[in-house]
Amino acid sequence: MEQDNNSRPLRFALFGNEYQAKKSASVQLVLEGLRRHGAEIYVDKPYYDYLTTGLGMDVRADGLFEGYNFDADYAVSLGGDGTFLKTANRVLVKHTPVIGVNTGRLGFLAEVLPTEFDQALSEIYGGECSFEEHTVIQMETQTDKGDSDALPMEGSPYALNDIAILKRDSASMITIRAFVNGDFLMTYQADGLIVSTPTGSTAYNLSNGGPIIIPQSGSVCITPVAPHSLNVRPIVINDTSVVQLEVESRSHNFLVAVDGRSERFREGTRIVIRKAPYTVRVVKLQSKRYFSILREKLMWGADQRS
């Protein structure tokens with residue numbers, strides 16, 4: 001999205017982590033870079049209050065916004081991958097490109113360092129940046145009566161990373177009958193089950209032995225959490241598939257976590273997971289490549305000897 005000199009300034013919506021202390025230097029780098037380029041700066045109000053009251057910063061913003069009430073050309077996520085997920089959920093329907101500025105730790109999604117933000121702006125204003133479309137999945141519920149609800153969560157039913165079915169309030173495993181496009185897959189006895197996008201394949205999925213899936217592969221992965229049988233393995237399916245899950249539990253309820261936002265459901269509620277009609281658009285620097293990020297973040301080939 002290249003700016004026309006005769007058009008209005010580009011608008012940037014800033015989202016951030018309100019629990020990261022001592023990050024004011026990184027925030028200042030971002031704000032100063034935006035001002036140098038003549039951008040209009042709009043800040044999520046809770047984050048603005050944190051910066052000004054909590055950190056005592058002087059934040060000169062062109063406006064504040066709350067919830068989904070904003071209009072921007074780009075969204076800037078300041079934090080780690082958790083902040084990026086929250087930002088992506090806020091901009092999802094608007095399809096606003098997201099720049100992930102990493103002030104956290106690992107940073108698979110928030111891959112732009114604060115010191116690289118100027119480079120990102122130069123590529124944006126020079127029309128040289130690229131965009132990567134990331135698949136999103138959504139959950140629906142069905143009751144025993146066959147009723148369907150596409151918006152069962154108190155928050156959003158959309159996940160950029162994963163949707164996980166998990167046990168609750170008991171040390172006992174849960175039983176999950178899984179179907180793909182109406183065909184019976186298998187019955188899992190486990191602590192839970194993860195349905196992951198390629199983006200989320202390096203998150204909870206990876207920590208449970210699931211495979212790393214490259215973006216734009218057109219697939220999702222079903223990975224059990226601590227399965228009772230060692231013969232049970234993750235399976236990769238096409239992302240156009242519809243996954244239906246039926247859960248039994250000794251406590252007669254279970255948790256569903258959508259990108260970490262969890263809610264309790266009772267037995268008899270079927271969970272349906274499918275590809276969402278939206279994608280998350282991520283701004284990519286020319287210097288950033290997927291496999292180099294994997295090597296760096298997972299320390300592939302690193303010599304661990306002292």
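Residue positions are given per chain, counting from 1 as you read along its sequence in written order. A pLDDT threshold of at least 70 governs which residues receive local features in this predicted model, and a stricter bar of 80 or more applies before side-chain atom pairs are shown or counted, although totals over entire chains, interfaces and linings include all residues. As a rule here, side-chain values come from all non-hydrogen atoms in the structure, and water together with hydrogens is ignored.

Colleague: Explain the packing of aromatic side chains to me, and be specific about the residues and the numbers.
Modeller: Only the six-membered ring of Trp is used, alongside the rings of Phe and Tyr, when aromatic pairs are assigned; centres must lie within 6.5 Å, and planes under 30 degrees apart are stacked while those over 60 apart are edge-to-face, with the rest tilted. Taken as a whole and assessed by the stated rule, the structure comprises 10 aromatic pairs. Here Tyr47 and Tyr50 contribute two aromatic rings whose centre-to-centre distance is 6.3 Å and whose plane-to-plane angle is 25°, an arrangement assigned as stacked. Here Tyr47 and its partner Tyr50 are both found in helix H2 (residues 45-54), three residues apart, which amounts to about one turn of the helix. Each of the two residues, Tyr47 as well as Tyr50, counts as buried. Here the aromatic rings of Tyr158 and Tyr278 are separated by 5.5 Å at their centres, their planes lie at 85°, and the arrangement is edge-to-face. Taken together, the positions of Tyr158 in strand E8 (residues 158-159) and Tyr278 in strand E18 (residues 270-284) put the pair 120 residues apart, joining distant regions of the chain. On the accessibility criterion, Tyr278 (26% relative accessible area) is partly exposed. Clustering of aromatic rings is evident, with ring pairs tying together Phe12, Tyr74, Tyr125 and Phe131. When the NZ atom of lysine or the CZ atom of arginine is within 6 Å of a ring's centre and also within 35 degrees of its normal, the charge is said to sit over that ring. The cationic tip of Lys94 hangs over the ring face of Phe70; the distance from NZ or CZ to the ring centre is 4.9 Å. Numbering of helices and strands runs from the N terminus, with a helix taken as a DSSP run of H or I at least four residues long and a strand as a DSSP run of E at least two residues long. Exposure classes here rest on a 1.4 Å probe applied to the protein chains alone. A residue is buried below 20% of its type maximum, exposed above 50%, and partly exposed in between.

Colleague: Mind laying out the side chain of Glu116, listing which residues take part and the relevant values?
Modeller: Among the secondary structure elements, Glu116 is positioned in the loop between strand E5 (98-102) and helix H4 (117-125). Given a relative accessible area of 17%, Glu116 falls into the buried group. Any two residues whose heavy atoms approach within 4.5 Å are treated as being in contact. Setting aside its immediate chain neighbours within four residues, Glu116 contacts Glu111, Leu285 and Lys288.

Colleague: Account for the pattern of salt bridges, with residues named and values stated.
Modeller: Salt bridges are defined as contacts in which a side-chain nitrogen from Lys or Arg sits within 4 Å of a carboxyl oxygen from Asp or Glu. Taken as a whole and judged by the stated rule, the model has 14 salt bridges. The shortest N-O distance in the salt bridge between Arg8 and Asp73 comes to 2.8 Å. One end of the pair, Arg8, is in the segment before strand E1 (11-16); the other, Asp73, is in the loop between strand E3 (63-65) and strand E4 (74-79), with 65 residues separating them in the sequence. Residue Asp73 is classed as buried on the basis of its relative accessible area of 10%. Here Glu132 ties to Lys284 by a salt bridge, and the two come within 3.7 Å at their closest N and O atoms. In this pair, Glu132 is assigned in strand E6 (residues 130-142) and Lys284 in strand E18, connecting sequence segments 152 residues apart.

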